[in-house]
Amino acid sequence: MTERARAEGRAGVWSGSWVAERLGVELAGDDSLTGLLGLALRRNPKRAHLLVSNVLGKHVPQSPSVVHGHGVALGRRVRDLLGAETAGHAVVLGYAETATGLGHSVADGLGAAPYLHSTRRPVAGVSRAGGFEESHSHATSHLLLPEDPALLAGDGPLVLVDDEFSTGNTVLNTVRALHERYPRKRYVVVALVDMRSPADAGRLEDFAREIGARVDLVTAASGTVRLPPGVLEKGQELVARYEAGSTGADAGAGSGAGGAVGRVSRVDLHWPDGVPDGGRHGFTAAHRERLENALPGMAARIAGALPAGARRVLVLGFEELMYAPLRLADALERTTDADVRYSTTTRSPVLAVDDPGYAIRTRLVFPAHDDPADGPGERYAYNVAGAGFDAVVAVVDSAADTPALHAPDGLLGRLAAHVPHVLLAVVPSYVPHAPHAPERPSMLPEPLRGPDFSSYASDEVGWLLQDCSDVTLEAPTEEREEAIQSGGAHYAESLPVEYQPSEEYQELFHAALDASAARLARAVGAVTEIVLAERSPRPVLVSLARAGTPVGILMRRWAQYRHGLDLPHYAVSIVRGRGIDANALRWLAAHHDPADVVFVDGWTGKGAITRELAAALRDFEVSDGVTGFNPEIAVLADPGSCVRTYGTRDDFLIPSACLNSTVSGLISRTVLRADLVGPHDFHGAKFYRELAGSDLSPAFLDAVSAHYPDVTDAVHAQAKELLAADRTPTWEGWAAVERISEEYGIDDVNLVKPGVGETTRVMLRRVPWKVLARAGAGADLDHVRLLAEQRGVPVEEVDDLPYTCVGLIHPKYTRGATGADGKAVAL
């Protein structure tokens, strides 16, 4: 679309004249009709023409205040019609996809009415409260999925909102289906335009008498569409002719497609916790109040991310996600001096013709990117290319923030080929609570983030923990061991004193890191590729704190480097014998699809945590009714053969195991103690701010991720090999632990810690008895040998050991019996 074409459009050329002249289609009715509507041609065998609204914000970019204002004005008219008292009991229902934002705006105008919109996206675990068909649509099935089934069960008025009232079939189908289930005395139908033919005009009244209810109609304008004989065939012929030729309007397949020339970046909205992304599952007055309070701050973050000098900005919503981007655009319009416009992507296939008398001037074509239930297909953004925008803010929900969105031919690539700056803003997809979940606080706290909690950057990880930094939790190692083995305390009720490495030990750490960084990078890349290929195209990484946290960050960095993905990443607590933090699971289920969650750990030993997680998730499903969490852990190294998702099964030194908090963001191991952690609290941990001078956490991450470009080809080969291999767990590590436990007279397998990582933990946190080392093990054990020397612990070489080493905790500990010879050796 050229600047001249836009000028012609502004000069008074009706955007329906092109179709009217060629097909003989006429609009008759109110004088305002041609200002509200243009015409285009559908690529649809059921209807030739498409009424294109200029004030809906779907196909035509419009001022967001105009779009929202039209809906609010209709809502106020409904409130006046019903009266204040009756309006206070009304529920508003909007239609997907086109009227989801309009319906929500009508609810705003009505007052405190709750809002629900139909959806074409099934949601796992949410039962249908109804459904209906839209006979003329290209995608017919509508689902009603309220979080609270009582939302539709009241006896107050039901207000149904659509963009146009053309035949009345959609509304009649809806009311008929709902009235059988939830009968009521009054309905109000709201639309921007009433375009019924004279033959259809009386059907609403007849239907109301049939069901014994009152049905009112509120519209902004009314008229009819006059269609000449044979218009469907003529329209189809015209579409075929123009699509076969070159209209110059299909920007999705033209110059620049597939090769982005603009800049794509991401802006973090800080969307308010617990506020739904829209009305798919219901939106209450309380939600509305919280969103209104948060909008200025979110708009300010968008404004701050816009390029300097941007004068014309489009906020582009996503299919059913219309209201959230509309309100963000509305707030941005009040925040900045830029000319802000709003529209959304759509499923609706429409012919594009670059003519000022035609409503759809340009078309961007891209594949669906939200894994739709009806399978893959084309999606569209109209009147964006060539419209002179300096920046586009693409707003999607987290379910749609997938690799397909970021692919070269995806929406972001298409936008970047035509607009200099593209911002991506992701709204968390709302996941309803289980219907029979036990009572709990409606909101859990937001994740803790650096630099206030941990030395990691705020976007690297969110800690689903509570900060116990001000509580003294450390106890001498010998005192802790005696309490644990005597049954007087659980290991998670206290913390070991943080080991401060000697200069010699720090040198070993750096040497180990230099030697293993590339190997680590390969394993990180391989396990991340397997997760993306087998688990979810848009995984939510959830590290098991704290050993899993550096690995989760490295996986997140690989996904960014290799695929342009910005994966959510959290750290949660899991405690042997106590299970995973259930409140953390509740928070995750409220903010993400549980099926997308991938639990991450550093390595496996004998598989105790793997078993612990599986049991805990089974218990959680029973207690909370939430399904979808996958108990399989993704690990960097799986020497115990306990999982299917791993980067390697070699037992080698992972340098993050060499230290405690100083390689884990300065965070302690997690704490679970009844006087600190209540039934509605996250597990606890400490942030050792005082150790900042010794912190190696960022250096470890940077050293490994610096090798990503060098190992890309090797990762590709390794991942390909692993994906084709039989990775069924053999649990040979568990068998080895049982054999060692029996051979060395240890009654408790929990005192046998196999693998380099677990042995290191024994040396740093527990009272070690012996170290078993595989005969011929080399530099991977240098740091273990040094610690063993410092603590007076013998190292025995063993043939045929399935691990590089195994650490044995003293089986009959009494205070002072630190080493095998009973001598306590201070660190």
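It should be emphasised that the depicted structure is a prediction, and the values quoted were computed from it without experimental measurement.

**Q** Any chance you could break down the packing of aromatic side chains for me, citing the residues and the numbers?
**A** In the structure shown here, the tally under the stated rule is 13 aromatic pairs. Both rings, one in Trp18 and one in Tyr358, keep their centres 5.1 Å apart while their planes meet at 80°; by these two values the pair is edge-to-face. Within this pair, whereas Trp18 is found in helix 2 (residues 17-23), its partner Tyr358 is found in the loop between strand 13 (339-344) and strand 14 (363-367), the two being separated by 340 residues in sequence. Of the two residues examined, Trp18 and Tyr358, each falls in the buried class. Geometrically, the ring pair formed by Phe620 and Phe629 is edge-to-face, given 6.2 Å between the ring centres and 65° between the ring planes. In this pair, the class of Phe620 matches that of Phe629, namely buried. Here a set of aromatic residues connected by ring pairs shows up, and it is made of Phe453, Tyr456, Trp463 and Phe687. Its end group placed over the ring of Trp731, Arg611 keeps NZ or CZ at 4.3 Å from the ring centre. Over the aromatic face of Trp769 sits the side chain of Lys770, whose NZ or CZ is 4.7 Å from the ring centroid.

**Q** For the side chain of Arg288, give the residues involved together with the corresponding values.
**A** Following the sequence through the fold, Arg288 ends up in helix 11 (residues 285-305). Using a relative accessible area of 9% as the deciding quantity, one classes Arg288 as buried. Within the structure, the side chain of Arg288 is placed 3.3 Å from the backbone oxygen of Ala113, a separation counted as a polar contact. Every residue in contact with Arg288, bar those within four places of it in the chain, is listed here: His104, Ala107, Asp108, Gly111, Ala112, Ala113 and Phe283.

**Q** Break down the nonpolar core for me, with residues and values.
**A** Formed by 133 residues in total, the largest nonpolar core has its most connected members in Leu41, Val159, Val190, Tyr358, Val393 and Leu415. Other than its neighbours up to four places away in sequence, Leu415 contacts Leu316, Leu364, Val384, Val392, Ala394 and Val422. In this structure, Val531, Leu541, Val715 and Ala777 belong to the second largest nonpolar core, which totals 75 residues.

**Q** Would you mind going over the sheet that holds strand 16 (residues 391-397) in detail, with residue names and values included?
**A** The parallel open sheet is built from five strands, whose spatial order is 11-17-16-12-13. The outermost strands of the open sheet, each flanked by one partner alone, are strand 11 (263-267) and strand 13. Shown here is a sheet whose adjacent strand axes are inclined to one another by a mean of 20°, direction ignored. One ladder, built from five bridges, connects strand 11 with strand 17 (residues 421-427); its direction is parallel. Each bridged residue has a counterpart across the sheet, and for Val264 the counterpart in strand 17 is Val422. Strands strand 11, strand 16 and strand 17 of the sheet are contacted by helix 11, whose axis makes an angle of about 155° with strand 11.

**Q** How would you sum up the pattern of salt bridges? Please name residues and give values.
**A** The tally for this structure, following the rule as stated, stands at 38 salt bridges. Close ionic contact of Asp782 with Arg785 constitutes a salt bridge, the shortest N to O distance being 3.5 Å. Of the two residues, Asp782 and Arg785 are both situated in helix 24 (residues 782-791); the distance of three residues between them amounts to about one turn of the helix. Taking the relative accessible area as the measure of exposure, Asp782 reaches 34% and is therefore partly exposed. Looking at Arg785, the relative accessible area reads 29%, which means it is partly exposed. Overlapping salt bridges, with partners in common, bring together Asp108, Arg288, Glu292, Arg327, Asp330 and Arg334 in one network.

**Q** Report on the pairing of strand 4 (residues 91-94), specifying residues and quantitative values.
**A** Burial along strand 4 is two-sided: the face carrying Val91 and Leu93 and the face carrying Val92 and Gly94 are both buried. Note: strand 4 against strand 8 (residues 158-165), four bridges, orientation parallel. When the sheet's bridge partners are listed, Leu93 is paired in strand 8 with Leu160. As judged from the three bridges shared by strand 4 and strand 5 (residues 115-117), these two strands associate in the parallel manner. For Gly94, the partnering residue across the bridge sits in strand 5 and is His117. Read as a crossover between parallel neighbours, the route from strand 4 over helix 6 (residues 100-110) to strand 5 is right-handed.

**Q** Can you lay out helix 21 (residues 708-724) for me, pointing to particular residues and giving the numbers?
**A** When the terminal C-alpha atoms of helix 21 are compared, their 23 Å separation across 17 residues agrees well with the 24 Å that a helix rising 1.5 Å per residue should span. Where helix 21 is concerned, the buried positions are Tyr708, Val711, Thr712, Val715, Ala719 and Leu722. Against the buried residues of helix 21 lie helix 16 (503-535), helix 17 (548-563), strand 27 (645-648) and helix 20 (697-705).

Cut-offs applied
- Every chain is numbered on its own, with residues counted from 1 as its sequence reads.
- pLDDT decides what is reported in this predicted model: residues at 70 or higher carry local features, side-chain atom pairs at 80 or more are listed and counted, and totals for whole chains, interfaces and linings draw on all residues regardless.
- To obtain the side-chain values, all non-hydrogen atoms of the structure were included, while hydrogens and water were left out.
- A pair of Phe, Tyr and Trp rings is counted when the ring centres sit within 6.5 Å of each other, with Trp represented by its six-membered ring. The angle between the planes then sorts it: under 30 degrees is stacked, over 60 is edge-to-face, the rest tilted.
- Strands here are runs of E lasting at least two residues and helices are runs of H or I lasting at least four, both read from the DSSP assignment and numbered beginning at the N terminus.
- Note on classification: 1.4 Å probe, protein chains only; a residue is buried when its accessible area is under 20% of the maximum for its type, exposed when over 50%, partly exposed between these limits.
- A positively charged side chain is recorded as over a ring if its NZ (Lys) or CZ (Arg) lies within 6 Å of the ring centre. The angle to the ring normal must also be within 35 degrees.
- Counting of polar contacts relies on pairs of N or O atoms within 3.5 Å, with two restrictions inside protein: one atom must be capable of donating a hydrogen and the other of accepting it, and residues adjacent in sequence are counted only when both atoms are side-chain atoms.
- The contact criterion used throughout is that any non-hydrogen atoms of two residues lie within 4.5 Å.
- As used in this record, nonpolar core signifies buried Ala, Val, Leu, Ile, Met, Phe, Trp, Tyr and Cys residues forming a set joined through side-chain atoms within 4.5 Å.
- Pairing between strands is defined by DSSP: at least two bridges between them are needed.
- Think of each axis as a best-fit line through the C-alpha atoms, taken over the contacting stretch in the case of a helix, with angles from 0 to 180 degrees between the N-to-C directions.
- Whenever Lys or Arg places a side-chain nitrogen within 4 Å of a carboxyl oxygen from Asp or Glu, that contact is recorded as a salt bridge.
- Seen with the strands pointing away from the viewer, any crossover whose path from the first strand over the helix to the second strand runs clockwise is right-handed.
- Expected helix span is taken as 1.5 Å per residue step, with the number of steps being one fewer than the number of residues.

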